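One-letter residues, chain by chain:
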Amino acid sequence: MDRTEKREFVTGLNQALVATSMIVVTRNAGLTVAEVTDLRRKMGAAGATYKVAKNRLTTRALDGTPFDGIRAMLKGPIALAWATDPVAVAKTAVEFAKTNEKFVLVGGSLGSQMLNADGIRALAELPSLDALRARLVGMIATPATRIAGILQAPAGQLARVFGAFAQSAEVTGEVEAEAA
């Protein structure tokens, strides 16, 4: 990389990190090209980005981001994964680490909150942002359907009562007509 490429890389990485809420630091020594490609595909499907980066350039890219605390983790060959949905990137990284012993979770940062590898694993156990949104919508919609059911029940009961009166009036009217 020449200086221009390095500047562009640092600027691009900085802009990506400013726009994200979660970053995971990993070690990937010994991964094959096919394994890295598979990991990148899985990260992309989860809405995350996975990038191998030089420590010195990454340190420069961290300026102005809330992730300054991960500087201590930038030793040896590292790769970064980030996404706006913190659970998605953590889940993808943890699932891949379970199936590949060469992929090691070092730690990460959720905003300015530092996380070790166990913290990343704990975060991965949480439901995703989409699942939480679905639960919230379900919780909001449930009372509304109950209220609608309660409000419809008396109207339905009144309709049945009026129907019963109408039928009894018809029967009474037929009996009186036959008697006359």
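1. A few points about the side chain of Thr-20
- Position of Thr-20 among the secondary structure elements: in the loop between helix H1 (3-18) and strand E1 (22-27).
- Ignoring any residue separated from it by four or fewer positions in sequence, one finds Thr-20 in contact with Phe-67, Trp-82, Ala-83 and Thr-84.

2. Some points on the sheet that holds strand E3 (residues 78-83)
- Taken in spatial order, the 5 strands of this open sheet run E2-E3-E1-E4-E5, and their pairing is antiparallel. In this open sheet, the two strands that pair with only one neighbour each are strand E2 (49-53) and strand E5 (113-116). Taking each pair of neighbouring strands and ignoring which way they run, the sheet shows an average axis angle of 20°.
- As defined by bridge partners, strand E4 (residues 104-110) adjoins E5 across 4 bridges and the pair is classed as antiparallel. Directly across from Leu-110, in E5, lies its bridge partner Gln-113.
- Of the strands in this sheet, E1, E4 and E5 touch helix H5 (residues 117-124), which is tilted by about 95° from E5.

3. Observations concerning the nonpolar core
- Of all hydrophobic cores here, the largest spans 24 residues; its most connected members are Val-24, Met-43, Tyr-50, Val-89, Phe-103, Leu-105 and Ile-120.
- Of all the secondary-structure elements, those providing two or more residues to this core are E1, helix H2 (33-45), E3, helix H4 (86-99) and H5.
- Tallying contributions element by element places H4 first for this core, with 6 residues.
- The residues contacting Val-89, other than those within four sequence positions of it, are Met-22, Val-24, Met-43, Ala-48, Ala-81, Trp-82 and Ala-83.

The rules behind these values
Residues numbered from 1 in each chain as written. Predicted model: local features only at pLDDT ≥ 70, side-chain atom pairs only at ≥ 80, totals over all residues. Heavy atoms only, no water. Helix = DSSP H or I, 4+ residues; strand = E, 2+ residues; numbered from the N terminus. Contact = heavy atoms within 4.5 Å. Pairing = 2+ DSSP bridges. Axes fitted to C-alpha atoms, helices over the stretch in contact; angles between N-to-C directions. Core = buried A, V, L, I, M, F, W, Y, C linked by side-chain atoms within 4.5 Å. Buried < 20%, exposed > 50% of the residue type's maximum accessible area, 1.4 Å probe, protein only.

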